[in-house]
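# Structural description and commentary
This is what each chain is made of:
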Amino acid sequence: MMLHLDLDCFFAAAHRIDAPELHGIPIAVGGRSNLSIFDRKKERRYLSAVNGAFTSSILSSNEGKSFEEYFVDPDGRVRGIITTASYEARAYGVKTAMSVAEALRHCPHLTVIPPDYPLYHKLSHQLRVMLEREIPSIEQFSIDEFFGDVSGWIADHEIEAFALALKNKVYKEMKLPISIGVSGSKWIAKLATGFAKPDGIKVVYPGEVDHFIKDIPIEKFPGIGRGYQERLAGRGIRTLGDIKGREALFYSWGKPGKQLYDRVCGIDEEGISVAHAKKSIGIGRTFDPESNRDEIRRRITILCRHLAFLVHKGGHVPTTYALKIRYEYRSKSKGFINANRLFSEQYCKEVMLELFNKIDTHTNHALIQLNLTLSNFAEEKGVTMDLFHYGEDQKASSLTESMQKLREKFGIDIIKSGGEL
């Protein structure tokens, strides 16, 4: 049997661990684009212990910041969006992705808390370590979701008691409520978790799948997005039970159609996924409209410093450098450069600034977004380095390595270049 474990209102629950006054009242965690990275003052940042494409690597803590300090701009405007709402807040209509200002209109006595990402990542890592002691095979699906395979480990008739004991253990040791879905396939187990919430267990035995999915709307199934919903609705398919009788149709759509059909029917036989090595490393920020190109270049330089730290931690040698920018009126521009050069922070800055000068085609328009990405790692592709620049690149690479060791010990902001100040 497969288990899907999903922490309930994780970010909100994390803040309740040591704050009994937050229990039983409507609370929410809000967020906004973290622009402290561009501040000239020093700030302590943390490297996440959680790996995966679903999570950031460099984290800032907002612990101790008041609502006004984090969410209210100098002009008095309330900014930010809701990332997690407690069940008490949801009863007032507060939802994820709603603006903080709108959430407060729905629930004027709502307590909105600034995010503490180092805390969430620490708890997520601790939970994974705990689950690895209890379950033979674990897959971390997101920061607050896990799959577990107990096939041959726990008998089917014991699975409900096992899941209940595991749920209670998580709460006893970590004070985090968790819901668990169980079934013979991982995607039916994930679907079942939605019926277990909050803080419950739902077991769907293999012989019960057809009855379980019969009347569930298609949009409830993980992986059926808006486009697929419209495509299926156009063929009169509105529930998962409708899918069950259309095997020939789904198989005619090739591998994606077959995969979806098998998952919905609980016959996919997909096991735990092994984490794959990262294929790229990126960092980006969205900000208020900024027209000053010198300021934009300063921000690119700062993002390159953080990107260089991540490259050093991963031991990578990227050969593709890419930059995307977005203007105030939503138009975009992007470009990339391939270079078989040893990586250094200085070279990264030079390339990204060169790319910016090349792709900034609307020089009179303000920018609102920067995204920098490094990919095509040489160590994975056996790329031969550019011998013409090898000597100077070695010196620059050694300097970068020395700086990163200091940053690991004293913080990412300990060494800055003159262009950042």
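To keep things clear, this report deals only with the structure shown in the data block.

The number of helices and strands found in the protein is 16 helices and 14 strands. For the protein, buried positions account for 48% of its 421 residues.

On the basis of which strands lie adjacent, the open sheet formed by four strands has the order β11-β14-β12-β13 and antiparallel pairing. Two strands in the sheet have a free side with no partner beyond their single neighbour: β11 (280-290) and β13 (332-338). If you compare each strand with its neighbour and ignore which way they point, the axes differ by 10° on average. Along the sheet face, helix α13 (residues 293-314) touches β11, β12 (318-327) and β14 (367-377) and points at about 155° away from the line of β11.

According to the stated counting rule, one finds 23 salt bridges in the structure shown. Residue Lys-197 is joined to Asp-6 by a salt bridge in which the shortest nitrogen-to-oxygen separation is 3.6 Å. Of the two residues, Lys-197 is situated in the loop between α7 (186-196) and β10 (201-204) and Asp-6 in strand β1 (residues 2-7); the sequence distance between them amounts to 191 residues. For Arg-293, the salt bridge identified is with Asp-360, shortest N-O distance 2.9 Å. Here Arg-293, found in helix α13, pairs with Asp-360, found in the loop between α14 (345-359) and β14; they are 67 residues apart in sequence, far enough to count as distant. On the basis of relative accessibility, which here comes to 9%, the residue Asp-360 falls in the buried class. Residues joined by salt bridges that share partners form a network here, namely Arg-32, Asp-73, Arg-79 and Asp-288.

This part covers the environment of Arg-326. For Arg-326, the position within the fold is in strand β12. The class for Arg-326 is buried, based on a relative accessible area of 19%. When near neighbours in sequence (up to four residues on either side) are disregarded, Arg-326 contacts Ser-331, Lys-332, Leu-367, Ile-368 and Gln-369.

What follows covers the packing of aromatic side chains. For the coordinates displayed, the defined rule picks out 16 aromatic pairs. Between Tyr-251 and Tyr-261, the aromatic rings sit 5.7 Å apart at their centres with planes inclined by 90°, giving edge-to-face as the arrangement. Separated by 10 residues along the polypeptide, Tyr-251 in helix α11 (residues 247-251) and Tyr-261 in helix α12 (residues 254-265) bring together distant segments of the chain. Tyr-251 sits in the partly exposed class, given a relative accessible area of 31%. Taken together, Tyr-228, Phe-250, Tyr-251, Trp-253 and Tyr-261 form an aromatic cluster joined through their ring pairs. One Lys or Arg, Arg-231, reaches over the ring of Trp-253 and ends 3.9 Å from the middle of that ring.

Cut-offs applied
Residues numbered from 1 in each chain as written. Predicted model: local features only at pLDDT ≥ 70, side-chain atom pairs only at ≥ 80, totals over all residues. Heavy atoms only, no water. Helix = DSSP H or I, 4+ residues; strand = E, 2+ residues; numbered from the N terminus. Buried < 20%, exposed > 50% of the residue type's maximum accessible area, 1.4 Å probe, protein only. Pairing = 2+ DSSP bridges. Axes fitted to C-alpha atoms, helices over the stretch in contact; angles between N-to-C directions. Contact = heavy atoms within 4.5 Å. Salt bridge = Lys/Arg side-chain N within 4 Å of Asp/Glu carboxyl O. Phe/Tyr/Trp six-rings, centres within 6.5 Å; stacked < 30°, edge-to-face > 60°. Lys NZ or Arg CZ within 6 Å of the ring centre and 35° of its normal.

These values are about where atoms sit, not about what they do.
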